[in-house]
Amino acid sequence: IEIPLQKMSQNLVNAVISVEDQRFFDHRGVDAVRIGGAVVKNLQSGRRSEGGSTITQQLARLMFLHRNKTYRRKLKEVIVAAYLANLYSKQDILEMYLNKVYFGDGLHGVEAASRGYFGKPAASLEVAEAALLAGLIQSPSSYAPTVNLDRAIARRNVVLSTMVDSGAIDAAAAERAKSAPVTINNALEIKETFGLYFKEQVRRELVERFGWQRVYQGGLRVYSTIDSDIQKAAEALLEEGLQDIERRPGFKHVKRAAQTTPAGEAPGYLQGALMALDPSNGHVKAMVGGRDFGESHFNRATQAKRQSGSAFKPF
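In this report, we go over the structure that sits alongside the text. One numbering rule holds for all chains: residues counted from 1, following each sequence as written. At least 70 in pLDDT is required for a residue's local features to be given in this predicted model, at least 80 for side-chain atom pairs to be given and counted, and no such filter applies to totals for whole chains, interfaces and linings, which use all residues. Each side-chain value is derived from all of the structure's non-hydrogen atoms; neither hydrogens nor water enter the calculation.

1. A short note on the pattern of salt bridges
Now for step 1: Each reported salt bridge corresponds to a side-chain nitrogen of Lys or Arg within 4 Å of a carboxyl oxygen of Asp or Glu. Here the structure, examined in full by the defined rule, presents 10 salt bridges.
Now for step 2: Across the pair Glu 239 and Arg 256 runs a salt bridge whose closest N-O atoms are separated by 2.9 Å. One end of the pair, Glu 239, is in helix 13 (residues 228-246); the other, Arg 256, is in the loop between helix 13 and strand 1 (274-277), with 17 residues separating them in the sequence.
Now for step 3: We classify Glu 239 as buried; its relative accessible area is 16%.
Now for step 4: Using a relative accessible area of 23% as the deciding quantity, one classes Arg 256 as partly exposed.
Now for step 5: Between Asp 292 and Arg 256 there is a salt bridge, and its shortest N-O distance comes to 3.3 Å. Residue Asp 292 is found in the segment after strand 2 (284-288), and its partner Arg 256 is found in the loop between helix 13 and strand 1; the two are separated by 36 residues along the sequence.
Now for step 6: Only protein chains enter the accessibility calculation, which uses a 1.4 Å probe; a residue is then buried when its area is under 20% of its type maximum, exposed when over 50%, and partly exposed in between. By relative accessible area, which is 22% here, Asp 292 ends up partly exposed.
Now for step 7: In the salt-bridge network here, residues are joined through shared partners; they are Glu 239, Glu 246, Arg 256, Arg 291 and Asp 292. A helix here means a DSSP run of H or I that spans at least four residues, while a strand means a run of E at least two residues long, and both kinds are numbered starting from the N terminus.

2. Description of the side chain of Ser 114
Now for step 1: By secondary structure assignment, the location of Ser 114 is in helix 6 (residues 110-118).
Now for step 2: For Ser 114, a relative accessible area of 0% puts it in the buried group.

3. Focus on helix 9 (residues 149-166)
Residues lying three or four places apart along an α-helix face the same way, a consequence of the helix completing one turn every 3.6 residues.
Now for step 1: For helix 9, with 18 residues, the first-to-last C-alpha span of 26 Å sits near the 26 Å given by 1.5 Å per residue.
Now for step 2: When we look at burial in helix 9, the residues that qualify are Leu 149, Ala 152, Arg 155, Arg 156, Asn 157, Val 159, Leu 160, Thr 162 and Met 163.
Now for step 3: Here, two residues are considered to be in contact whenever any of their heavy atoms come within 4.5 Å of each other. The inward-facing, buried residues of helix 9 abut helix 1 (10-20), helix 7 (127-136), helix 8 (140-143) and helix 10 (171-178).
Now for step 4: Any pair of N or O atoms that falls within 3.5 Å is considered a polar contact. Within protein, one atom must be able to donate a hydrogen and the other to accept it, and sequence-neighbouring residues count only if both atoms are side-chain atoms. The N-cap of helix 9, judged by a side-chain oxygen 3.3 Å from the amide nitrogen of Asp 150 a few residues on, is Asn 148.
Now for step 5: Positive phi appears at Gly 167, one or two residues downstream of helix 9, with a value of about 85°. Take the number of residues in a helix, subtract one, and multiply by 1.5 Å to get its expected span.

4. Here we look at the nonpolar core
If you look at soluble globular proteins, the nonpolar side chains tend to sit buried side by side.
Now for step 1: What makes a nonpolar core is a set of buried Ala, Val, Leu, Ile, Met, Phe, Trp, Tyr and Cys residues whose side-chain atoms join them at distances within 4.5 Å. With 50 residues, the main nonpolar core has Leu 98, Phe 103, Tyr 117 and Leu 133 as its most contacted residues.
Now for step 2: Listed by contribution, the elements that provide at least two residues to this core are helix 1, helix 3 (55-64), helix 4 (71-87), helix 5 (90-100), helix 6, helix 7, helix 9 and helix 10.
Now for step 3: In terms of residues, this core owes the most to one element, helix 7, which gives 8 residues.
Now for step 4: In contact with Tyr 117, other than residues within four places in its own chain, are Phe 103, Gly 104, Asp 105, Leu 107, Leu 133, Leu 136, Ala 144, Pro 145, Thr 146, Thr 183, Ile 184 and Asn 185.
Now for step 5: Judged by nonpolar contacts, the second largest core, of 5 residues, contains Ala 234, Leu 242, Ala 286 and Val 288.

5. Focus on helix 5
Now for step 1: Within the sequence span of helix 5, burial applies to Lys 90, Ile 93, Leu 94, Tyr 97, Leu 98 and Asn 99.
Now for step 2: Structurally, helix 5 contributes buried residues whose contacts are with helix 1, helix 3, helix 4 and helix 6.

6. Re the environment of Val 202
Now for step 1: Within the secondary structure, Val 202 is located in helix 11 (residues 196-210).
Now for step 2: The exposure class assigned to Val 202 is partly exposed, which follows from its relative accessible area of 25%.
Now for step 3: Each C-alpha atom of the pair Val 202 and Tyr 223 lies 9.6 Å from the other, and the pair is 21 residues apart in sequence.
Now for step 4: Dropping the residues within four chain positions of it, Val 202 is found in contact with Val 222 and Ser 224.

7. Considering the environment of Gln 58
Now for step 1: Secondary-structure assignment places Gln 58 in helix 3.
Now for step 2: Gln 58 sits 23 residues away from Ala 81 along the chain, and the two C-alpha atoms are 8.2 Å apart.
Now for step 3: When near neighbours in sequence (up to four residues on either side) are disregarded, Gln 58 contacts Glu 20, Ser 53, Tyr 97 and Ile 137.
Now for step 4: Within the structure, Gln 58 has its side chain in polar contact with the side chain of Glu 20 (distance 2.9 Å).

8. Observations concerning the packing of helix 9 against helix 10
Now for step 1: Throughout, an axis means a line fitted to C-alpha atoms (over the contacting stretch in the case of helices), and angles, computed between N-to-C directions, take values from 0 to 180 degrees. Viewed as axis vectors pointing N to C, helix 9 and helix 10 meet at an angle of 170°, and their least axial separation amounts to 9 Å. Between helix 9 and helix 10, the angle falls in the class roughly antiparallel. Seen from helix 9, the contacting residues are Arg 156, Asn 157, Leu 160, Ser 161 and Val 164; seen from helix 10, they are Ala 171, Ala 174, Ala 177 and Lys 178.
Now for step 2: Residue classes follow a fixed rule: Ala, Val, Leu, Ile, Met, Phe, Trp, Tyr, Cys and Pro count as nonpolar, while Asp, Glu, Lys and Arg count as charged, and any other residue, Gly among them, counts as polar. By residue class, the composition of the contact of helix 9 with helix 10 is 5 nonpolar, 2 polar and 2 charged. Put simply, angles under 35 degrees are roughly parallel, angles over 145 are roughly antiparallel, angles from 65 to 115 are roughly perpendicular, and the rest are oblique.

Structure below.
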């Protein structure tokens, strides 16, 4: 969802510049000081642990290059970044970057990320929210609050400290933001009531096969083998079977109906999985990976590694 720079919260702009490129307005696309510091750290660690990329270099990589850590790619990145710096203003580069950068959970650009994580437009982001989003850029798959909330908060607090160092906020504002709770509200989520584990598995396989850029930007047309009626019946049967177990005398664990799962934590109630295939061609007609996709995206039909036990005897 592309928006102009003027419709992005200044808190977000400050947070991103503070953590990604504090000298953004002082260099011409490539920061020799930062690259020199990265080279020293890489020599000390004995590996290419830091790249020293500016926001302009990151934009060059997002638009034209791959992410492989090679010196050849780095050289290309520097050349393209210098070209972009001569062609566009700082404001234009920042706007393109913030509209293109990936924030995890399939969310590209700050407007999609703001609505997808906080249910609000990017113009309304507060300091704590802006810092959390800025922190995702380094490693969106690791820091996304939907993946690991504690890690996302820890990264947010690092960003807040860099904002103090850069003069974007004072220490008091940083401390207030560090104590702010994180409430996830996905205003972009399609309210589908069935087949969410199946559809997520399709998405994962598409990304694995074609890459996230092609999947989210390329306009693929995807056909799956899901049978809606079988899928709905499978989900109802799994839930009914697990509730029967929970009602048995002597069941000592927490029942689903009696548990409220805090954000970012895995549910502790009894789980199950179900897979239905057409034996004549192997088509998957239904897949249920758990009792509530909203509370746990972990697909127990494909991701859980468990012994088959007595279930294998019929085979």
